[in-house]
Structure formats: structure tokens, C-alpha cells
Amino acid sequence: WEGGLQDANKVIALDPSSPWGYERKHAALHRAGRYNDAIDTFETMLLKILQSPYLEIRERRREYIYQGHTKAAIRAAIQNAIHDSPLVLINTDTGHLLDKSGQAFSFESQPIFGELISSMTTHVDQARIELEVAEYYRYATFSHKWEENEPLFEKVVHIVVYDLEESFTHSKLKMFCKIVREAGYHWAWSDTCCINKADHFVLEEAMASMFKWYEGSALTIVLLRGVRFPSRRGDLMRSIWNTRAWTFQEYHASKVVRFYTEDWKSYLNPDIPNHKESPEIISEMEEATGVSARALMALRPGLDDIREKLRLASTRHTTRVEDAAYSLLGIFSLSLRVAYGEGDKALGRLLAELLMSSGDTGILAWTGKSGTLNSCLPAEIIVFNPPPITHIPLTIEGAETDKIITRSRSLSLNSTSIRLYDRLRELPVPSFSGIRMKLPCLAFRLGRLLASSSSSGHVFRAQTVALGTVEIETAEDISQYSSLHLIHPWIDFLLDRQLVGSGSVVETIFEENGDEQPYLIRAPQTRTTRFAARLGWQLGGQSPPDAASLHPPSSLSSVEKQMRALQVLTRLRRPFGALLLAPHPGYVAAYRRVAAESLITVQVEEITPTILNMLIESVRMMDVV
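Residues numbered from 1 in each chain as written. Predicted model: local features only at pLDDT ≥ 70, side-chain atom pairs only at ≥ 80, totals over all residues. Heavy atoms only, no water.

I'd like a rundown of the overall build of the protein chain, residues and numbers included.
Broken down by element type, the protein chain carries 24 helices and 20 strands. Looking at the protein chain residue by residue over its 625 residues, the buried ones come to 51%. Considering only intrachain contacts with a sequence separation of at least 6, the fraction spanning at least 24 residues in the protein chain is 67%. (Helix = DSSP H or I, 4+ residues; strand = E, 2+ residues; numbered from the N terminus. Buried < 20%, exposed > 50% of the residue type's maximum accessible area, 1.4 Å probe, protein only. Contact = heavy atoms within 4.5 Å.)

Rendered as C-alpha cells:
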């Protein structure tokens, strides 16, 4: 390049008005990597073309582009590349925390910025720009157990990460950045120092975006606290990292993961870049979760597999009560107001939003302690550890279904069963207004209670017309209540469907006590409209071709409706876990769940014309607080 530069300078000296000496000089400077000088020389060349007294030379100006066009294309690509990345990242080259503007500006200080501009003289190579920019902005994330005295944003923002004084937590952050830098990444993110928790809006956005940030990372470094070199199989499964709530979504969201012991040695030394593909580690994660690797991979963010995600989360622990809910926002693709200090109301708000968004009443299938937001929502996520089959009725085998349908027809229950089916089908899905839940169900009023004692508390027996003798074993004295109802809220089981709804609306409303409650509120939807909406149809419209088996309920023929109605009767005969409701003393026309720690298993003993009419009357909406 030096010889080329000398030749170019000679040409310029011979004829300073000619652009072509500058063209040769630009090429030599570009080869030398002196990109800023090359860009200036190219601009001089363009000026000489425009100033040429020769028309044929001036007309050649159209062959070249203004380098400002390339700069604009690069800056647009930068904004696109960092749009979904974390708000603050650590630059592993300098050790500084940089916000979005700092991240964007940093590319312009890199040699590649000048190289791109200098190399594009005749056209903007958009594909190459996007490739180079995306490569530069790849970042790594950190998954670890929080310790005391972690380096937080307010400290690290004023210092170079590598200059932090020595301590275990500071060394942890520095080693993370060092490993990321050595892996070829310019950017790193740690939840300790990259979130300004003093800014409520920043904190709330981070909570909602964290799953997406881990999912978008090129690499996640996992530090296994308590595991030292040489590591042995089983250390990962037993590590404290594998018990924390936040690490569940961090591992699940990340595409590429590398595990390190706490002395920063590769865990088990797998000879592959992505430890999520290591057979030994896959086997350990399966044992730890009780779920196959394939099933774990199939879990996606959103409202599918709600109960399974809650079960997986139920075995994890948090330092702060609220994080049991906040750590799941990304898993369910939800956004909630973050309010540390609200205690178990955070879990209640999460479950309320899940219930309204999905219509999945399986969320109510638990026994344990009621939460403070609503008595039908639990105080702790651990209640979801056992499967819900104890509450939700089991599927009926074909022979039993045929037997019950035959008997129902012999009792001439067809028309009455259709009335019940229609009542159930048009029930709204569960909704919340403040802390008050409107719960669709079948409600059975209990008769007079007969009490006795047991080693664990009280045993109460009562008669109901449809359910026969009911036995309730509980530590709570429920004889104090003026009236009690057992409810069957598993409407989707009766109708044989599981539906997923649309998004939610958040409004500020006022509860009965006059306090402002910025909780969730949703207008009711019927199961018919939700079923049709999920299939993308309008009620009363034509069914799509080749979908005869997927008619929405409103388009059923009379024979199909009759068959579905009789199938509802067969499902009503299955034992189910009922919820016990008592009048709430502090709210008008509202109930609360009592004896929530008890599994109350009941069933409709027999379906006669009288019982069926009673079942129709029992279909209602219960207000529960």
C-alpha cells in the first residue's frame, strides 16, 4: 500500500485538479486501514469531479454515492440491532456501563465503522452492514445466585468494572466480563449492575423484558455456586443455582449456555460450545425438573401449558416473596405493575391475569393457604407442585360414556340436557374487577352441618340433593357460617375444551371500601365467543372448508348439540374437587373460599329429571373475594 500511496501522491502533484489521483490515494489508504484518511480523500475526489471543467468527468459523479448515505444506513442498522437488547450493557472492552445512546455511539469508534464507509463508494451494501452491525452487538448474559454486596448499578455506573475493589461478588462480575470478552463478545449483561432499580419504570420494563433479553443473547454464562473443580455428575442438579426462581427462566430462555464452577472451570468439561446440547447436562436437567428435554424445549413463552409451567416454578425459591410472580412474567409473556412490598398479592395478580387471559380454571385447582388478593388464589406457588387431577375430573372411558348416554336417553333427558348445555356454554369466562372475581360455576348449597372431631381438626357432614352426603375435614370451624356452597368451577372440562383468550385491559377502579385499586379489570366474554375468536371466526359466519369437526358451538346441528349435551351429563357424574364458599362479612353479595387446605371430593350421584332441573338452576356466577 505504501508504494500505491506514493504513486497516488505523484499523480496528484502532477495535476491537483484531477480526481483520479485522489481515487488511487483512497484505495491505498483503505488497504492500509487508515479509514478516516481514506474517507476524507474520497470526499476530496468527489469535490474534484464536481469542479472539473470537463462535462464527461462531471457526469461520472453519478457513479458514486455520498458517504453520508452509508453512515445513515449504518446508524439505522445499529438502532435496529439494539432495539430489543437490554437498556444498559457492559462494554467488555472498556468495562463501562453504557445506555442505548452509548451503545449506539460505540460502534462509530470501531475500525469497522470507517471500513464500511470507506469500502462503499458506488453503492450501499445493506446486507453487509446489517451483518457487521449484528455481529458487533451480540451480547452475553449472566445467570447466577445473588449474594450479599453485589455490585449494583449506582456503584458500577461511575467506575470501570475491572477497577472494582476485590471481593467475591466483584470478582464474580469481573470474571464474567473477562470470559465474555475472551469469547469474542463486546457486550455483557448482569442483573446486578445493569438495572437501575431506583427507577421504577426501568425496573418494570426490565422485569417484563428479561426473558426476551436472555432469549436474544448469543451466550449465557451460568455460575454454579457451591460447585468446585473437579466437578462431578450430579453437582449441577444439587447446586443452589438449580433451586432459584429467576434461573428457571434464564436457562429456559437462553439458546446457548456454558456452565462454570464457582472457581471458573468449565463444568464437566464437555467438549462442545453449547452445554445445553451436552448429553450429561441434559440428563441432569431432566432429573432435576422431572421433565424430558424434549418437553422442556417445547415450553414456549405464552399462555400454553400454564399448569406445567406453574408446577416447574413451584419447586424454586426466592429471597423476596414477590419474585415468585415477577420471575414468571417472561415465561407467560405478561406485563404487570412491579410493587415490591405487596407480598403474596404479586402472585395473586399474576394468577388473576393468567386466569382471565386463558380462561383456564385449572389455576384454581389447589389446596393450601389462600392469598391476600383473593381467597381463590393461593398465597404460595408451591401449591402447584402436585398435579391438578385431584380437583379436575378424570376423562371418561368410551364404554362408560355410552352407558350414561343410553340411560339419559331412556329417561327422556335430551331436551333438558340441551338447556343445561346452553347455560354452561354461554357462561362468561372468569373475570376480575379489583380484587373481586366473577367465577362461573355450578353451585350446590349445603344443608345443616353435623360436626365431629378428628386428630387433624373437625369433620363436618352435610346433605345435598344432587351430591348426597358430603364430608369435609378441615382445621377451620365452618359451622360459624350462615350458608355454605360447594362449587364446580371446571366448566371447560364439562364442555370438553381448553381455551386461550386474548390480552388484558388494565384500569384503575374503586373498590367497595373506596380505596383506589389499580388491579385488573376485564369485560366478560362467553365461552362461545372465545371459542369462535380463537378459531378466527365470526359468530353466525360460515365455517372454513375442511373443518367440519371444528364447528363453533353456535353452528352445531341439532343432533351434534344433543350429543354434546348428553356428554356433559356423563362428565357431571365424575368425582371432582369442589371449592367451598362462605359469605364474606366485609363485602356485599360476595363469597370467599374457606377450608382451602382441604380436598373436598364429591360427585353427582344420579341424574334424574328432577336433579337435571336443579343442575340448570345451579349454573351461576359467584362473586368471590
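Let's pick the thread back up.
I'd like to hear about the packing of aromatic side chains, residue by residue, with values.
In total, this model carries 17 aromatic pairs according to the counting rule given. Judged by centre distance (6.1 Å) and plane angle (25 degrees), the rings of Phe107 and Tyr137 are stacked. With Phe107 in helix H6 (residues 100–107) and Tyr137 in the loop between helix H8 (126–136) and strand S3 (139–143), the pair connects residues that are 30 residues apart, well separated along the chain. Accessibility expressed as a relative area gives 0% for Phe107, which makes it buried. Ring centres 5.8 Å apart and planes at 45 degrees place the aromatic pair Tyr260 and Trp264 in the tilted group. When its relative accessible area of 12% is taken as the criterion, Tyr260 is described as buried. A residue is classified by how much of its surface remains accessible, and Trp264, at 15% relative accessible area, is buried. Each residue in the set Phe107, Phe113, Tyr136, Tyr137 and Trp187 is aromatic and connected to the rest through ring pairs, giving one cluster. (Phe/Tyr/Trp six-rings, centres within 6.5 Å; stacked < 30°, edge-to-face > 60°.)

With reference to specific residues and values, describe the packing of helix H20 (residues 414–425) against helix H23 (residues 558–572).
Running from amino to carboxyl end, H20 crosses H23 at an angle of 80 degrees, the nearest separation of the two axes being 8 Å. The orientation of H20 with respect to H23, classified from their angle, is roughly perpendicular. Side by side, H20 and H23 meet where Asn414, Ser417, Ile418, Leu420, Tyr421, Asp422, Leu424 and Arg425 of the first sit next to Lys561, Gln562, Arg564, Ala565, Leu566, Val568, Leu569 and Leu572 of the second. Here the residues of the contact of H20 with H23 sort into nine nonpolar, three polar and four charged. (Axes fitted to C-alpha atoms, helices over the stretch in contact; angles between N-to-C directions. Parallel < 35°, antiparallel > 145°, perpendicular 65-115°, else oblique. Nonpolar A, V, L, I, M, F, W, Y, C, P; charged D, E, K, R; others polar.)

How would you explain the confidence of the model for the protein chain if you had to name every residue and give the values?
This prediction gives the protein chain a mean pLDDT of 87; 87% of its residues lie at or above 70. Low pLDDT (under 50) marks residues 500–524, which in the prediction has 67 contacts with non-local residues, meaning those over four places away or in another chain. Between residues 526–552, whose pLDDT stays under 50, and residues either more than four places distant or in other chains, the model counts 54 contacts. (pLDDT = per-residue confidence, 0-100.)

For helix H1 (residues 2–14), give the residues involved together with the corresponding values.
A rise of 1.5 Å per residue sets the reference length of H1, with its 13 residues, at 18 Å; its end C-alpha atoms lie 19 Å apart and thus fit the reference within 8%. Inspection of H1 places Leu5, Ala8 and Ile12 among the buried residues, and these make up the whole buried set. All buried residues of H1 lie within an arc of 60 degrees about the axis, which places them on one face of the element. The exposed set on the far side of H1, more than 90 degrees from its buried face, consists of Gln6, Lys10, Ala13 and Leu14. Of the surrounding secondary structure, the elements contacted by the buried residues of H1 are helix H2 (20–31). (Expected span 1.5 Å × (residues − 1). Arc of directions from axis to C-beta.)

So, the state of the cysteines: which residues are in play, and what are the values?
Tallied over the full model, the rule gives zero disulfides. In this model Cys177 remains outside any disulfide bridge; the closest cysteine sulfur is found in Cys193, 6.8 Å from its own. Left unpaired, Cys441 is separated from the closest cysteine sulfur, that of Cys376, by 9.3 Å. (Disulfide = S-S within 2.5 Å.)

Let's hear about the side chain of Arg316: which residues, and what values?
The topology assignment puts Arg316 in the loop between helix H16 (306–314) and helix H17 (323–326). An unpaired buried charge is present at Arg316: no salt bridge exists, and Glu250, the closest side chain of opposite charge, is 8.2 Å distant. In this structure the side chain of Arg316 is engaged in a polar contact, spanning 3.4 Å, whose partner is the backbone oxygen of Asn242. Those residues in contact with Arg316 that lie beyond four places of it in its chain are Trp241, Asn242, Thr243, Arg244, Ala245, Thr247 and Phe248. (Lys, Arg positive; Asp, Glu negative; His and termini not counted. Salt bridge = Lys/Arg side-chain N within 4 Å of Asp/Glu carboxyl O. Polar contact = N/O pair within 3.5 Å; in protein donor to acceptor, adjacent residues only side chain to side chain.)

Could you give me a rundown of H6, with the residues and numbers involved?
Considered for burial, the residues of H6 that qualify are Gly102, Gln103, Ala104, Ser106 and Phe107. Buried residues in H6 make contact with helix H5 (67–82), strand S1 (89–91), strand S2 (97–98), helix H7 (111–119), H8 and strand S4 (187–189).

Talk me through the sheet that holds S3; I want residue IDs and the actual numbers.
The six strands lie next to each other as S2-S1-S4-S3-S5-S6, forming an open sheet whose pairing is mixed. In this open sheet, the two strands that pair with only one neighbour each are S2 and strand S6 (257–261). Where strand S5 (residues 219–224) meets S6, five bridges bridge the pair, whose relative direction is parallel. Of the residues in S6, the one forming a bridge with Thr220 is Val257. (Pairing = 2+ DSSP bridges.)

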